[in-house]
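Below are the chains, spelled out letter by letter.
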Amino acid sequence: MNKQISKTSRRFWVIINYLSMFLILGFFYNGKSCGWSHTFTFAIIITAGIFILSFIYVYGITHLWKLVHTSSKKLDERQVQVVHRALQISYSIFVIMVLLIIYSYALVEKGPIDVVLAACLLYLAHTLPAAFIAWTEKEV
Amino acid sequence: MKSRKIYNRILVLRKERNITRQKLAEEIGVNFQTIGYLEREEYNPSLDLAIKLSEYFGLPVEFIFSTEPQKPMSQELYQNRQ
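Right, let's walk through the structure included here. (Residues numbered from 1 in each chain as written. Chains lettered and ligands numbered in written order. Predicted model: local features only at pLDDT ≥ 70, side-chain atom pairs only at ≥ 80, totals over all residues. Heavy atoms only, no water.)

Counting secondary structure elements, chain A contains five helices and zero strands. Mapped from its N terminus to its C terminus, chain A presents α and β elements in the order α-α-α-α-α. Seen along its three principal axes, the alpha-carbon backbone of chain A occupies a region of about 50 × 30 × 25 Å. Across chain A, every contact between residues at least 6 apart in sequence was considered, and the portion connecting residues at least 24 apart equals 77%. Accessible area of chain A: about 8500 Å², with a carbon and sulfur share of 72%. Computed over 12 positive and 6 negative side-chain charges, the separation of the two mean positions in chain A equals 5 Å. (Helix = DSSP H or I, 4+ residues; strand = E, 2+ residues; numbered from the N terminus. Contact = heavy atoms within 4.5 Å. Areas by Shrake-Rupley, 256 points an atom, 1.4 Å probe, with all protein chains shown as cover. Lys, Arg positive; Asp, Glu negative; His and termini not counted. Charge placed at Lys NZ, Arg CZ, Asp CG, Glu CD.)

Looking now at the layout of surface pockets. Here the largest pocket defines a volume of roughly 480 Å³. Around the largest pocket sit 24 residues that line it, and His63, Leu67, Leu75 and Gln79 of chain A together with Asn31 of chain B are the ones nearest its centre. Put simply, the parts of the chain that give the lining of the largest pocket at least two residues each are α3 (64-69) and α4 (77-107) of chain A together with α3 (32-39) of chain B. For the lining of the largest pocket, the per-class residue count stands at nine nonpolar, nine polar and six charged. (1 Å grid on protein atoms, 1.4 Å probe; cavity = no way out; pocket = protein on both sides within 12 Å on 5 of 7 lines; lining within 4 Å. Points joined across faces, edges and corners; volume = space filled by probe spheres on them. Nonpolar A, V, L, I, M, F, W, Y, C, P; charged D, E, K, R; others polar.)

What follows concerns the interface of chain A and chain B. As a measure of interface size, the accessible area lost when the parts come together is often cited. Listed by partner, the interface residues are twelve residues for chain A and 15 residues for chain B. Roughly 1200 Å² is buried in total at the junction of chain A and chain B, and carbon and sulfur atoms are behind 41% of that figure. Of all residues in chain A, Glu77, Arg78 and Glu139 of chain A bury the most surface against chain B, accounting for 52% of the area lost on that side. Counting every contact that joins chain A to chain B gives eight residue pairs in polar contact (both at pLDDT 80 or more). Residues of the side of chain A that touches chain B, tallied by class, amount to two nonpolar, four polar and six charged. (Buried area = accessible area lost by both parts, 1.4 Å probe. Polar contact = N/O pair within 3.5 Å; in protein donor to acceptor, adjacent residues only side chain to side chain.)

Moving on: the packing of aromatic side chains. Enumeration over the complete set of coordinates arrives at twelve aromatic pairs over all chains. Here Phe12 of chain A and Trp13 of chain A contribute two aromatic rings whose centre-to-centre distance is 5.3 Å and whose plane-to-plane angle is 80 degrees, an arrangement assigned as edge-to-face. On the basis of relative accessible area, Phe12 of chain A is assigned to the partly exposed category, the value being 46%. Here Trp13 of chain A falls in the partly exposed class, since its relative accessible area comes to 26%. Members of the aromatic cluster, each reached through a chain of ring pairs, are Tyr18, Phe51, Phe55, Tyr59, Trp65 and Tyr123 of chain A. Between Arg9 of chain B and the ring centre of Phe63 of chain B, over which it is positioned, the NZ or CZ distance is 4.5 Å. Sitting above the plane of the Tyr37 of chain B ring, Arg40 of chain B keeps its charged end 4.9 Å from the centroid. (Phe/Tyr/Trp six-rings, centres within 6.5 Å; stacked < 30°, edge-to-face > 60°. Buried < 20%, exposed > 50% of the residue type's maximum accessible area, 1.4 Å probe, protein only. Lys NZ or Arg CZ within 6 Å of the ring centre and 35° of its normal.)

Topologically, Gln22 of chain B is positioned in helix α2 (residues 21-28). Given a relative accessible area of 30%, Gln22 of chain B falls into the partly exposed group.

See below:
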């Protein structure tokens, strides 16, 4: 049986998780443009720690990661409905985000996206459905 | 399409038989949280699940599920006696 975490707590940790991801991205680009210093490295390490801990707490302990990545044959009818809805909404959000990034890159005539941004997009694609469930469901 | 709310007596029937959500969930092959959602009438079951529940409790589907709020079982029993 998975551990029950309140909806408020789940929402809080989803925000912390994505906030830490965007902070890592921010520190990385700042470090890249202003030159790497111990402060940036230290900030990235601390933020990465928070990012990993919040991931374990909100997606690992609640088994949300497992729920979203399990074959629908192993889920019951309600879980299938919940996961399908989450995937549908997440797909729309993700497509809009990717299109905005592509258009903004095209507007400023920047080259192809780098590996860190690609990793963040990959992470978003995998966690958005679970985050949606964590945000909306009464019990997970 | 917005579906109608389905009322049910699952909570009363489960308590009456003194079984846990976990046990009922295992018997009908769903997650224990789905039983909670059903009991709180926050989820409308499929016909298959409704039939599984009626078979498990040995009662007709229309006795367990209804589209209108159900009277307490004690009240129905009293009315049937009169």
